[in-house]
Amino acid sequence: MKKYLLLLLLIISACGDSEKIVKRHLQSAENLLGLEFTDSERDSILPDLVDLREQYKDLRKLELPNHVVFPLYFQPQLPGFQIPSGNDQYQFQEIVTSRPDNLEECAFMTVGELAYLIRTQHVTSEELTLMYLDRLKRYGPELECVISLTKELALKQARRADKEIGSGYYRGPLHGIPYGAKDLLAVPGYRTTWGATPYQEQIIDETATVIDKLEAAGAVLIAKLTLGALAWGDVWFGGKTRNPWDLEQGSSGSSAGPGSATAAGLVGFSIGSETWGSIISPSTRNGVTGLRPTFGTVSRAGAMALSWTMDKLGPMCRSVADCALIYNIIRGSDNLDRSVIDVPFQVPRLNQIENLRVAYVESAFKDTSTKENDKAVLEILKSLGLNLIPIELPEFPVKALSFILSAEAAAAFDELTRSNRDDELVRQMRMAWPNVFRKARYIPAVEYIQANRARILLNEKMNKLFESIDVYIVPSFWGDNLLRTNLSGHPCVVLPNGFDKNGSPTSISFIANLYKDGNAIAVAQVYQDATTWHKKYPPKFSGK
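Model, not experiment: these values are computed from the prediction.

Reading the values: the criteria
Residues numbered from 1 in each chain as written. Predicted model: local features only at pLDDT ≥ 70, side-chain atom pairs only at ≥ 80, totals over all residues. Heavy atoms only, no water. Helix = DSSP H or I, 4+ residues; strand = E, 2+ residues; numbered from the N terminus. Buried < 20%, exposed > 50% of the residue type's maximum accessible area, 1.4 Å probe, protein only. Pairing = 2+ DSSP bridges. Axes fitted to C-alpha atoms, helices over the stretch in contact; angles between N-to-C directions. Contact = heavy atoms within 4.5 Å. Parallel < 35°, antiparallel > 145°, perpendicular 65-115°, else oblique. Left-handed = near helix turned anticlockwise from the far one by under 90°. Nonpolar A, V, L, I, M, F, W, Y, C, P; charged D, E, K, R; others polar. Core = buried A, V, L, I, M, F, W, Y, C linked by side-chain atoms within 4.5 Å. pLDDT = per-residue confidence, 0-100. Salt bridge = Lys/Arg side-chain N within 4 Å of Asp/Glu carboxyl O.

Our next topic: the environment of glutamate 415. Along the chain, glutamate 415 turns up in helix α13 (residues 414-418). Residue glutamate 415 is classed as partly exposed on the basis of its relative accessible area, which comes to 43%. Residues glutamate 415 and alanine 154, 261 residues apart in the sequence, show an inter-C-alpha distance of 35 Å.

Set out below in structure tokens:
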């Protein structure tokens, strides 16, 4: 072990420039660790070691006294943090509508509209299910967004829903609503492929907690949707998931299938996941509304683990109201995921929103590629009576912590690397999982622990920020906000706010304090109710 530590010191710390890191250093480390990479794999690793060394330098500038703890399993709240208490304050509202002459026009209705039609028995769940299944068969291959249709299960669930509703037993607004799930969630009897070639025939004989809760609410699972292989990007073992607004463009990822299928009206809503942008990015690209909940409010039992301290599951829908409804169903502990705690879901009513302290990151709105659309968000909210507070995010070397994800992901797929089955993954370039997994073998355990302790300092700074505000608004990809809030566990609502010059959707994000998802939902819904961007859909998939 002493030899190993000395070798890592020589490789990473003592080298003054990239020329001093040579392949023989890597080969020596591989021998000590019981690994063997190819020459081409070492060529890919070498330049990344220089980048890692710079991150370590930034990390070591921080003062980390002994009392800064390392969480054995991550919970974002710190000692003394006031976890919300009291009763839930949430009420879902149906939207009164009528059955269209062409049932396919229901494809782009919100869950609120579909729930009204099903509850009043103007439309049956089986009708909706067959309509969506037909659209999945018709458009799914073109969009490359479907891994498995769950037709047999869906029809069974839909017919059961119709029978129950017909007899007067109504489970609630999701009863009979067809949806799709990202194919990292286990469903017995169906493949759970994780989007990756080595696992494309994998069947996991358990039901993910999220799927189980949705079934209990009466929702109908009609498809398992694509994800970039092992939750990165939009390339999976069967192709590249397409953006329905522009078929030449990928859907972004890793919740590529949920974004594409929801935008194209192939499902009523979908479940995605995020570790570092995997709900925010495809929601933006496909022009849908997404909710990344507070870390530790939704169980990940039965979901593929990529990063135990960063993974989150959340809904991708056609409206903020839909996201709130689905979150209300899937949240809560299950005695399986130890990171999950139970907190009340409290969404301020319309007359309470004026009491929220709503801020915006001032510098983020000055010069971005989407600045006109972003500034319009602020103007609309001001016109609705909100007093917006300019802020800046606390300074912190956030990027220096990014290798936490790489280390955990490499551990999650350690066997894939050691067996060389990572060669089966479609994407093999430098910025792809095979190389990232290999590179992560050179992250010392000490640095991983220090980065997690530094994460406590980041959360302290974010907690301090939220002492004076309740919600802040920020362009979705500005600065380090996306990584920052995924590391800190803060919730985010992302929703469309227009189109760019190429006709592609753009988005804006609303960030709330930990366990205060309802605050972000409330402010985001005020904005969305005053606009129509979420009611736009790709004309090619209208079905007309």
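Strands sit in the order β1-β3-β2-β8-β10-β9-β14-β15-β13-β11-β12 across an open sheet of 11 strands; the sheet is mixed. Single-partner strands in this sheet number two, and they are β1 (146-149) and β12 (389-391). Averaged over neighbouring strand pairs, the angle between their axes works out to 30° when direction is ignored. Bridge count between strand β11 (residues 358-361) and strand β13 (residues 471-475): 3 bridges; the pairing is parallel. Looking at β13, one finds that valine 358 is bridged to valine 471. Packing against the sheet, helix α6 (residues 151-166) makes contact with β1 and β3 (220-225), and its axis sits at approximately 160° to β3.

Moving on: helix α14 (residues 433-440). By the criterion of burial, α14 is predominantly enclosed, with 8 of the 8 residues buried. Residues of α14 that are buried: Trp433, Pro434, Asn435, Val436, Phe437, Arg438, Lys439 and Ala440. Tucked into the core, α14 has its buried residues touching α3 (39-60), α12 (403-412) and α13.

Right, let's talk about the packing of helix α5 (residues 125-143) against α6 for a bit. Contact geometry of α5 with α6 gives a least axis separation of 8 Å together with a crossing angle of 160°. Between α5 and α6, the interaxial angle falls into the category roughly antiparallel. Handedness of the α5/α6 crossing: right-handed. Every residue of α6 that contacts α5 at Ser125, Glu126, Thr129, Leu130, Leu133 and Lys137 is listed here: Lys151, Ala154, Leu155, Ala158, Arg159, Ala161 and Asp162. Classifying every residue of the contact of α5 with α6 by side-chain character gives 6 nonpolar, 2 polar and 5 charged.

Moving on, we get to the nonpolar core. In terms of nonpolar packing, the biggest core is built from 153 residues, with Leu230, Phe269, Tyr472, Ile473 and Phe510 touching the most fellow members. Beyond its immediate chain neighbours, meaning those up to four positions away, isoleucine 473 contacts Val358, Ala359, Tyr360, Val361, Phe365, Val377, Leu378, Leu381, Leu388, Ile508, Ser509 and Phe510. Counting residues in each nonpolar core, the second largest holds 5 residues, with Phe81, Val343, Leu514 and Tyr515 among its members.

The next thing to look at is the confidence of the model for the protein chain. Residues with a pLDDT of 70 or more make up 94% of the protein chain, whose mean pLDDT is 93. Across residues 1-7, confidence stays below pLDDT 50; counting only partners more than four residues off in sequence or on other chains, it has 7 contacts. pLDDT under 50 marks residues 13-19. Its contacts with residues more than four places away, or in other chains, come to 11 contacts.

Tracing the backbone through its elements, the reader meets isoleucine 330 in helix α10 (residues 320-330). When its relative accessible area of 0% is taken as the criterion, isoleucine 330 is described as buried. In sequence terms isoleucine 330 and proline 315 are 15 residues apart; their C-alpha atoms lie 9.2 Å from each other.

A separate point is the pattern of salt bridges. Inspection of the entire model under this criterion finds 32 salt bridges. In this structure, lysine 61 and aspartate 58 form a salt bridge, with 3.6 Å as the shortest nitrogen-oxygen distance. Looking at aspartate 58, the relative accessible area reads 34%, which means it is partly exposed. What you see here is one network of salt bridges that share partners, running through Glu41, Asp422, Asp423 and Arg438.

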